[in-house]
Amino acid sequence: MTVEKQDIKEDFYQGDYKAIEVSVFADKQLTQVKNLTGAESIDWALTHRKDGTIYIQKSTFDGDTSIEITDAANGKVIVYLRPVDTASIYGTFRHQMQITDVNGKPECVMTGTVNIFRSYARRLVRGPVSAYLVGG
Amino acid sequence: MATFDWLVYVDTPAWESVGANTIVFCGSLTDIDVPITVGSDWNTGTHIGNGDPGADQCGAAHIPNIAYVSGTQFSHDGAATETLGDGTLLATECTLAVEFTDDASVAITSGRFYCFDSTTETTEATGVEAWAFEAQVAETEWSTVCDDSGDIGGDNAGERLDLVDRSASQTHTYYIAVSARPESVGAKGDFDFGVALTYS
């Protein structure tokens, strides 16, 4: 069952680090949580509101630690947005979450919108390179 | 998306990405395996190796070697001493270049180049002494970026090379000369360089 209009209500800014906790429901009335025990994978995507361009994808199947089931029995999932995920995008987007259950059956369980505000503030970034020398 | 690329002027020669290789300071213009004599010598050669040091990846031309002589002087590839300046130390004679790019046109502030122990950005490299200089921005003096015995180095104010602010552009390139030497005998692998900056 796909539960529509599961909008991420907390607006935030591009380049922010965000831990977005969502509850996956088995019914449109939001009375019954979906048990995620044994799920093979959780997949989440952020797309353009109209043309479906994919900006962010996360999947537990890839070993991506930026999405995880935190309470399988109660259908709780956290999606971690790293600064690099949203540093170059802002506006209103759509998000989707798909679950592949313990029997290998995929299902889109939720869709909704998310607002990302443009950031005019300064952002700190770092980059390293390896060096070496030998004293003799 | 904002990205860094570390570049060296080698082979053809041309600017090429360091990638997963290592910048190696050694005691020879041509042989990556020669150690630097402890006590007085600064780097006599600079190369990129595919390990510590691994095999030389420079190709036909090695990284230009810039050695510290004094606070305002350097030697390029063992030649006579020169005074630091835009007319004497060219971009293509620098140890490395750092290229920062973003999808948007962004201004850069608070840029700095530092030397750390590969683990903690605010901790200096182990057993290393190093100086750095940003070329082609009207600078005239070396900046100390590592002195392990003096507890100097890492991304700390006064212990790093502060880079000149840049106005808005999608690409920013910093040309940096580095001179290094060991404080003791042995391999110095707890030794990385880093760049940090803010953009908007």
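Use the structure listed above.
Parameters and conventions
Residues numbered from 1 in each chain as written. Chains lettered and ligands numbered in written order. Predicted model: local features only at pLDDT ≥ 70, side-chain atom pairs only at ≥ 80, totals over all residues. Heavy atoms only, no water. Helix = DSSP H or I, 4+ residues; strand = E, 2+ residues; numbered from the N terminus. Buried < 20%, exposed > 50% of the residue type's maximum accessible area, 1.4 Å probe, protein only. Contact = heavy atoms within 4.5 Å. Areas by Shrake-Rupley, 256 points an atom, 1.4 Å probe, with all protein chains shown as cover. Buried area = accessible area lost by both parts, 1.4 Å probe. Polar contact = N/O pair within 3.5 Å; in protein donor to acceptor, adjacent residues only side chain to side chain. Nonpolar A, V, L, I, M, F, W, Y, C, P; charged D, E, K, R; others polar. Pairing = 2+ DSSP bridges.

Visitor: Which residues make up the overall build of chain B, and what values go with them?
Guide: Scanning chain B from N- to C-terminus turns up zero helices and 15 strands. Sorting the 200 residues of chain B into buried and exposed places 48% on the buried side. The long-range fraction of contacts in chain B, counting pairs at least 24 apart against all pairs at least 6 apart in sequence, stands at 65%. Put simply, chain B shows about 7600 Å² of open surface, and 46% of that area lies on carbon and sulfur atoms.

Visitor: Now, about the interface of chain B and chain A: what can you tell me, with residues and values included?
Guide: Contacts between chain B and chain A engage 43 residues on the former and 20 residues on the latter. Summed over both partners, the interface of chain B with chain A buries about 2600 Å², with 58% contributed by carbon and sulfur atoms. Area buried by chain B at its contact with chain A is led by Met1(B), Tyr199(B) and Ser200(B), which between them contribute 19% of it. The interface formed by chain B and chain A includes 17 residue pairs in polar contact (both at pLDDT 80 or more). No other element matches the eight residues that strand 15 (residues 192–199) of chain B contributes to the side of chain B that touches chain A. When its residues are assigned to classes, the side of chain B that touches chain A shows 25 nonpolar, 10 polar and eight charged. Both strand 9 (residues 123–135) of chain A and strand 15 of chain B contribute to a ladder of eight bridges, which runs antiparallel. Note that in strand 15 of chain B the partner of Arg126(A) across the bridge is Ala196(B).

Visitor: Residue-level account of unusual backbone geometry, with values.
Guide: Residues and elements named next belong to chain B. Look at the link from threonine 12 to proline 13: it is a cis peptide, with omega at 10°. Tracing the backbone shows proline 13 in the loop between strand 1 (3–10) and strand 2 (14–17). Residue proline 53 is bonded to the preceding aspartate 52 through a cis peptide linkage, with omega at -10°. In this structure, aspartate 151 takes a positive phi of about 55° despite not being glycine.

Visitor: Could you give me a rundown of the pairing of strand 5 (residues 66–70) of chain B, with the residues and numbers involved?
Guide: Residues and elements named next belong to chain B. Two strands pair when backbone bridges link them, and strand 5 and strand 6 (residues 73–76) are joined in this way by four bridges, in the antiparallel orientation. Residue pairing across strands places tyrosine 68 opposite phenylalanine 74, the latter belonging to strand 6. Between strand 5 and strand 6, which pair antiparallel in sequence order, lie two residues.

Visitor: Can you lay out the pairing of strand 1 of chain B for me, pointing to particular residues and giving the numbers?
Guide: Residues and elements named next belong to chain B. With five bridges connecting them, strand 1 and strand 8 (residues 96–116) associate as antiparallel partners. Within strand 8, the position partnered with aspartate 5 by the bridge is glutamate 99. As defined by bridge partners, strand 1 adjoins strand 2 across four bridges and the pair is classed as antiparallel. Note on strand 2: the bridge partner recorded for valine 10 is alanine 14. The hairpin turn running from strand 1 into strand 2, its antiparallel successor, is three residues long, and aspartate 11 in that turn takes a positive phi close to 65°.

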